[in-house]
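Spelled out, the chains give:
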Amino acid sequence: MNLERIREKLKGSVSPVALTGAGISAESGVPTFRGPGGLWKNFRAEDLATPEAFEADPLRVWEWYDWRRGLISRIKPNPAHYALAELESKNPGLTVITQNVDGLHTLAGSRNVLEIHGSIWRVACTECKNSSENREVPIKILPGCPCGGVLRPGVVWFGEALPEDILNEAFEASGKADFMLVVGTSGVVQPAASLAYRGKEAGAFMVEINTGPSALSNIMDETVSGKAGEVLPGLL
Ligand code: APR
């Protein structure tokens with residue numbers, strides 16, 4: 001790990017990309033998915049985060065998302081989120097591509113944020129497909145659309161396509177990246193993980209910040225082992 005080399009490369013970067021996962025929000029108190037105590041250790045993803053689960057039992061799915069919305073409504077961005085927002089103010093070419101649905105990058109001041117898995121603060125109608133922001137905590141279950149349809153959480157579930165326009169923008173940014181920070185993701189979910197490979201192919205200088213190894217560690221030029229909230233501020 002050569003922090004000076006990373007700083008040098010970042011200083012010369014005109015189109016940096018940060019690809020973030022649940023680990024960047026861990027120090028804010030948002031549980032990750034696969035780590036110890038991760039959400040998928042305590043809940044079955046297929047019971048809660050799939051279209052079939054919602055079809056079968058929308059009440060149960062909404063109760064889980066209402067619990068997560070309540071938890072996330074009480075937490076704040078951590079120094080890692082703020083460090084990326086500050087980096088963007090110094091280098092407006094920064095694109096943050098996040099798998100997180102917690103909205104903490106925007107709350108910390110980042111402007112150019114691509115939420116490729118949607119947002120827990122958005123809802124979408126299962127009938128008319130209209131999507132809107134909804135920050136009610138608790139949310140009335142089952143929430144209804146004015147059209148009469150049932151609203152669903154505005155997040156991407158397993159087996160669902162990601163929002164095409166946002167994903168295209170993410171691949172475009174990754175394909176032009178000259179520096180890519182991969183922060184707090186296990187790199188096991190597609191197509192998000194492919195964005196890191198796209199950056200690698202584009203010749204980006206690849207840096208991973210993670211408390212442990214990930215499925216993407218092998219394509220990194222530098223890996224910084226540590227907590228994002230402690231490492232990022234010093235690095236940026
Ligand atoms: N700082 C940096 N990295 C951390 C920290 C931390 N404080 N805490 C945990 N990590 C790392 C873990 O080592 C792990 O590699 O964050 C990663 C979290 O991995 P996951 O829980 O798998 O989260 P993520 O990669 O974002 O999952 C991707 O899977 O369940 C779906 O849609 C969901 O967006 C999610 C996607």
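Every chain begins its residue count from 1, and numbering advances along the sequence as written. Since the coordinates come from a predicted model, pLDDT governs what is reported: local features require at least 70, and pairs of side-chain atoms require 80 or more to be given and counted, while whole-chain, interface and lining totals use all residues. Note that the side-chain values use all heavy atoms of the structure and ignore hydrogens as well as water.

Colleague: It is not clear to me how the overall build of the protein should be interpreted in this structure. Could you clarify?
Modeller: Counting from the N terminus, the helices are DSSP H or I runs at least four residues long and the strands are E runs at least two residues long. On a plain count of helices and strands, the protein comes out with 11 helices and nine strands. Radius of gyration: over C-alpha atoms. The globule rule applied is 2.2 Å multiplied by the number of residues raised to the 0.38 power. Over its C-alpha atoms the protein spans a radius of gyration of 18 Å, differing by no more than 12% from the 18 Å that the globule rule assigns to 236 residues. Once the C-alpha set of the protein is aligned to its principal axes, its extents read approximately 55 × 35 × 30 Å. Accessible area is worked out with a 1.4 Å probe on protein chains only. A residue is then buried under 20% of its type maximum, exposed over 50%, and partly exposed in between. Counting the 236 residues in the protein, one finds 51% classified as buried. For this analysis, residues touch if any pair of their heavy atoms sits within 4.5 Å. When contacts within the protein are restricted to residue pairs at least 6 apart in sequence, long-range pairs at least 24 apart make up 66% of them. When charges are counted, neither His nor the chain ends are considered; positive counts come from Lys and Arg and negative counts from Asp and Glu. By convention, the point assigned to a charge is CZ for Arg, NZ for Lys, CD for Glu and CG for Asp. Averaging the coordinates of the 23 positive side-chain charges in the protein and doing the same for the 28 negative ones gives two points 3 Å apart.

Colleague: Hey, could you run me through the nonpolar core in this one?
Modeller: Generally speaking, soluble globular proteins have nonpolar side chains that are buried together. Note on terminology: a nonpolar core comprises buried Ala, Val, Leu, Ile, Met, Phe, Trp, Tyr and Cys residues joined through side-chain atoms within 4.5 Å. Tyr65, Ile72 and Trp157 are the most contacted members of the largest nonpolar core, which totals 26 residues. Setting aside residues up to four positions removed in sequence, tyrosine 65 forms contacts with Leu48, Ala49, Ile120, Pro153, Val155 and Trp157. If you look at the next biggest cluster of nonpolar residues, it comprises 23 residues, including Val17, Ala170, Ala204 and Met220.

Colleague: What's the story with the packing of helix H7 (residues 79–90) against helix H11 (residues 228–235) in this structure? I'm lost.
Modeller: A pair of packed helices is captured by two measures, namely the crossing angle of their axes and the spacing between those axes. With their axes 7 Å apart at the nearest point, H7 and H11 run at an angle of 25° to one another. Relative to H11, the element H7 lies roughly parallel. Crossing geometry of H7 relative to H11 is assigned as left-handed. Contact residues: Pro79, Ala80, Ala83 and Leu84 in H7; Ala228, Gly229, Leu232 and Pro233 in H11. Asp, Glu, Lys and Arg are counted as charged, while Ala, Val, Leu, Ile, Met, Phe, Trp, Tyr, Cys and Pro are counted as nonpolar; the rest, among them Gly, fall into the polar class. Of the residues belonging to the contact of H7 with H11, the class tally is seven nonpolar, one polar and no charged. Helix axes are fitted to C-alpha atoms over the stretch in contact, other axes to C-alpha atoms as well, and angles between N-to-C directions run from 0 to 180 degrees. Relative orientations are named as follows: roughly parallel for angles under 35 degrees, roughly antiparallel for angles over 145 degrees, roughly perpendicular for angles from 65 to 115 degrees, and oblique for any other angle. In this scheme, a crossing is called left-handed if the near helix is turned counterclockwise away from the far one by less than a right angle; it is called right-handed if the turn is clockwise.

Colleague: Quick question: what am I supposed to make of the packing of aromatic side chains here?
Modeller: Two numbers describe a pair of aromatic rings. These are the distance of the centres and the angle of the planes. Think of it this way: a Phe, Tyr or Trp ring, Trp meaning its six-membered ring, pairs with another when their centres are within 6.5 Å, and the plane angle makes it stacked under 30 degrees, edge-to-face over 60, tilted otherwise. Applying the stated criterion across every chain, the model contains nine aromatic pairs. Here the aromatic rings of phenylalanine 54 and tryptophan 157 are separated by 5.4 Å at their centres, their planes lie at 35°, and the arrangement is tilted. Separated by 103 residues along the polypeptide, phenylalanine 54 in helix H5 (residues 51–56) and tryptophan 157 in the loop between strand E6 (151–155) and helix H9 (164–175) bring together distant segments of the chain. Each member of the pair phenylalanine 54 and tryptophan 157 is classed as buried. Among the aromatic residues, those joined into a ring-pair cluster are Phe33, Trp40, Phe43, Phe54, Trp64, Tyr65, Trp67, Trp157 and Phe158. Both a distance and an angle decide whether a charge sits over a ring: NZ of Lys or CZ of Arg must be within 6 Å of the ring centre and within 35 degrees of the ring normal. The ring of tryptophan 157 has arginine 152 sitting right over it, with the charged end atom 3.9 Å from the ring centre.

Colleague: Even after reading the chapter, I still don't get the sheet that holds strand E4 (residues 118–125), so can you show me in this structure?
Modeller: Two strands form a pair only when DSSP identifies at least two bridges running between them. Overall, antiparallel pairing links the three strands, which are arranged E5-E4-E6 in an open sheet. Each of the sheet's edge strands pairs with one partner strand only, and the pair in question is strand E5 (131–133) and E6. The mean angle between the axes of side-by-side strands here comes to 40°, regardless of whether they run parallel or antiparallel. Bridging between E4 and E5 involves three bridges; their strand directions are antiparallel. Opposite arginine 122, over in E5, you have glutamate 133 as the bridge partner. Running at roughly 140° to E4, helix H6 (residues 58–73) makes contact with E4 and E6 of the sheet.

Colleague: Even after reading the chapter, I still don't get the pairing of strand E9 (residues 222–225), so can you show me in this structure?
Modeller: Sheet faces and side chains relate simply in a regular strand, where the side chains alternate between the two faces. Only one face of E9 is covered, namely the face carrying Glu222 and Val224; the face carrying Thr223 and Ser225 is uncovered. Pairing between strand E8 (residues 205–210) and E9: four bridges, direction parallel. Paired with isoleucine 209 across the strands is valine 224, a residue of E9.

Colleague: Looking at this structure, how should I read the packing of H9 against helix H10 (residues 192–201)?
Modeller: It is at 7 Å that the axes of H9 and H10 come closest, and there the two elements cross at 30°. With respect to H10, the axis of H9 lies roughly parallel. Together, Ala170, Phe171, Ser174 and Gly175 of H9 and Ser194, Leu195, Arg198 and Gly199 of H10 make up the contact between the two elements.

Colleague: Would you take a moment to explain the pairing of E8 for this structure?
Modeller: Burial analysis of E8 places six of its six residues in the buried class, which makes it a mostly covered element. What you see with E8 is no split at all: Phe205, Val207 and Ile209 on one side and Met206, Glu208 and Asn210 on the other are buried throughout. As paired strands, strand E7 (residues 179–183) and E8 are joined by five bridges and run parallel to one another. Bridge assignment links phenylalanine 179 to a residue of E8, and that residue is phenylalanine 205. With H10 bridging E7 and its parallel neighbour E8, the resulting β-α-β unit is right-handed. Handedness of a crossover is defined as follows: orient the strands so they point away from the viewer, and if the path from the first strand over the helix to the second runs clockwise, the crossover is right-handed.

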